[in-house]
Each structure stands twice: as structure tokens, then as C-alpha cells.
Amino acid sequence: MKILIVGANGLMGQAALKGLAHHDVVTASRSGSTCDHQVDITNTASIRALFEKVGQVDAVICAVGHCEYAPFVTMTDDQWRVTIESKLLGQINLVRVGCDYVADCGSFTLISGILNIKPVPEAIADATTSGAIDTFVRCVAHEMPRGIRINVVNPTVLEEAWDVYGAMMPGFEPVPGALVGKAFQRSVEGFISGEVLIVDA
Ligand SMILES: NC(=O)c1ccc[n+]([C@@H]2O[C@H](COP(=O)([O-])OP(=O)(O)OC[C@H]3O[C@@H](n4cnc5c(N)ncnc54)[C@H](OP(=O)(O)O)[C@@H]3O)[C@@H](O)[C@H]2O)c1
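About the criteria used
- Residues numbered from 1 in each chain as written.
- Predicted model: local features only at pLDDT ≥ 70, side-chain atom pairs only at ≥ 80, totals over all residues.
- Heavy atoms only, no water.
- Helix = DSSP H or I, 4+ residues; strand = E, 2+ residues; numbered from the N terminus.
- Contact = heavy atoms within 4.5 Å.
- Disulfide = S-S within 2.5 Å.
- Buried < 20%, exposed > 50% of the residue type's maximum accessible area, 1.4 Å probe, protein only.
- Pairing = 2+ DSSP bridges.
- Right-handed = clockwise from strand over helix to strand, strands pointing away.

1. A closer look at the side chain of Ser130
Alright, step 1. Within the fold, Ser130 resides in helix H4 (residues 124-140).
Alright, step 2. Excluding residues that lie within four positions of it along the chain, Ser130 makes contacts with Lys87, Ser112, Gly113 and Asn116.

2. Side note on the state of the cysteines
Alright, step 1. A complete count under the given rule lists 0 disulfides for this structure.
Alright, step 2. Cys99 takes part in no disulfide bond, and the closest cysteine sulfur to it belongs to Cys105, at a distance of 13 Å.
Alright, step 3. Lacking any disulfide linkage, Cys139 is separated from the closest cysteine sulfur, that of Cys99, by 16 Å.

3. Comments concerning the pairing of strand S1 (residues 2-6)
Each regular strand carries side chains that alternate between the two faces of the sheet.
Alright, step 1. S1 sits mainly inside the fold: 4 of its 5 residues count as buried.
Alright, step 2. Here S1 pairs with strand S2 (residues 24-29) via 5 bridges, running parallel. When the sheet's bridge partners are listed, Lys2 is paired in S2 with Asp24.
Alright, step 3. Handedness of the crossover joining S1 and S2 through helix H1 (residues 11-20): right-handed.
Alright, step 4. The pairing of S1 with strand S4 (residues 57-62) spans 4 bridges and is parallel. Bridging across to S4, Leu4 finds its partner in Val60.

4. Considering the environment of Trp80
Alright, step 1. Turning to its location among the elements, Trp80 is positioned in helix H3 (residues 77-98).
Alright, step 2. For the pair Trp80 and Glu122, spaced 42 residues apart in the sequence, the C-alpha separation amounts to 12 Å.
Alright, step 3. Dropping the residues within four chain positions of it, Trp80 is found in contact with Phe72, Met75, Ile124, Ala125 and Thr128.

As C-alpha cells, this is what we get:
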């Protein structure tokens, strides 16, 4: 299968790659560093330009979603806007534009995160947008054209990211990227649609 992974050079993108490396993988990220292509998922013209270059694909993986972290009472307009434009609208727009470029019976797999199920302090924007993405996927699956499937991987913190997020997640058990990679693989290679694939310890 030809699979486009957006955010491939990030920690979650690397986890997705672990499960899908045996396919014909095309990679993209905001900087394009160590990737095949550059894209900004907060800009629909940039998303369309990416697909015009890549052409038709069998599956699209999104491992992108910038989140701002702060106590709810101090969250600024900008922090909410940036998080919503990236983790929520960015991923929705990747699906809206990408629908024109995904093969019949192909698939999308998006990313959310466990904090909408297990909240922690200072992560309200991540939790809110993760919950919205889970809902988007469950519901839009009924409207996808040409047999296209859509799922979302909702993982707990990665072992590979424990040094970044561990301090804000006491009592959580991280999971290896290879395990999360299997959830991406199950979404892409299986027949499920509209599912939230929770990966927790
Ligand atoms: N890490 C975890 O343990 C974990 C657990 C659960 C959920 N998640 C979720 O997974 C997502 C990715 O997290 P991460 O830890 O992998 O972050 P990361 O290591 O910082 O990687 C972020 C990736 O997203 C790309 N990116 C950022 N903004 C972009 C944009 N506007 N357009 C295109 N690409 C963009 C980056 O590209 P460049 O590097 O080129 O800028 C990079 O490839 C987040 O939504 C996070 O909440 C992460």
C-alpha cells in the first residue's frame, strides 16, 4: 500500500512508522526535515499542494496536533486558537482535502490522546481537542465516500516521550512506540471504521 504519514519525523510519527514500514511510505512534516515533503496542516492550500505532489494514496496517517499546555484559568485566546487550528481543524482539513486523493476503500487514521479520558492538570486544550477528534472520527465514518474508512489512535504517553511528559503525568504507565505502531497497522490493514483505538498500559 502507498501510505502518507504526516508528522513522520515526530515521536508519534515514528511510532506509526514502526507498524507500517513494510509499506510504500511517503513522509511529510511542517519543516520537511528528514521527510519527503513539507506541509502545514493548518493551511488547506498547503495540504492540497502536498496531495498534488504525492498523488493518490491508499492510506493517510496524521501524527500531528500541536497542543498548548497551561492551567485553564490562564489559557489565552492564542493558546486555544493554536491548539484548535492544529490538533482539531488541521486534522479535519487533512481529511476534507485528502478525500479527493485517497483510493476507493482506502483509509485515514488520525491521532488524539488519552488525556480526554484520563485528565491531568494543564492539559485542557489537549483533552478537549482529543475528545473532539474522537467524536469527529466516530461520526464522520458514516459519511465517508467510496468505502473510505477512518479511525483514530488514542494512545497514552509513549515511552519515547516520557522525559517530556512524565512529570505532568504521575501515575501513568508509558507504552512503547512499537505497540502504538500496531494500532496504526490495525487501522490501515484491517476493515474497521469509526473506531477509537485506545492504547493504554
Ligand atoms: N508523544 C506522546 O507520548 C503522545 C501520546 C499521545 C498522543 N500524542 C499526540 O500525538 C501528536 C504528535 O505528538 P508528538 O509527541 O509526536 O510531537 P512531536 O514529536 O513534537 O512531533 C510533531 C510532529 O508534527 C509535525 N507538525 C507540527 N505542526 C505541524 C503542522 N502545522 N503541519 C504539519 N506538520 C506539523 C512536526 O513537524 P516538524 O518537526 O517538521 O516541525 C512533527 O513531525 C500530538 O497531537 C500529541 O498530543 C502524543
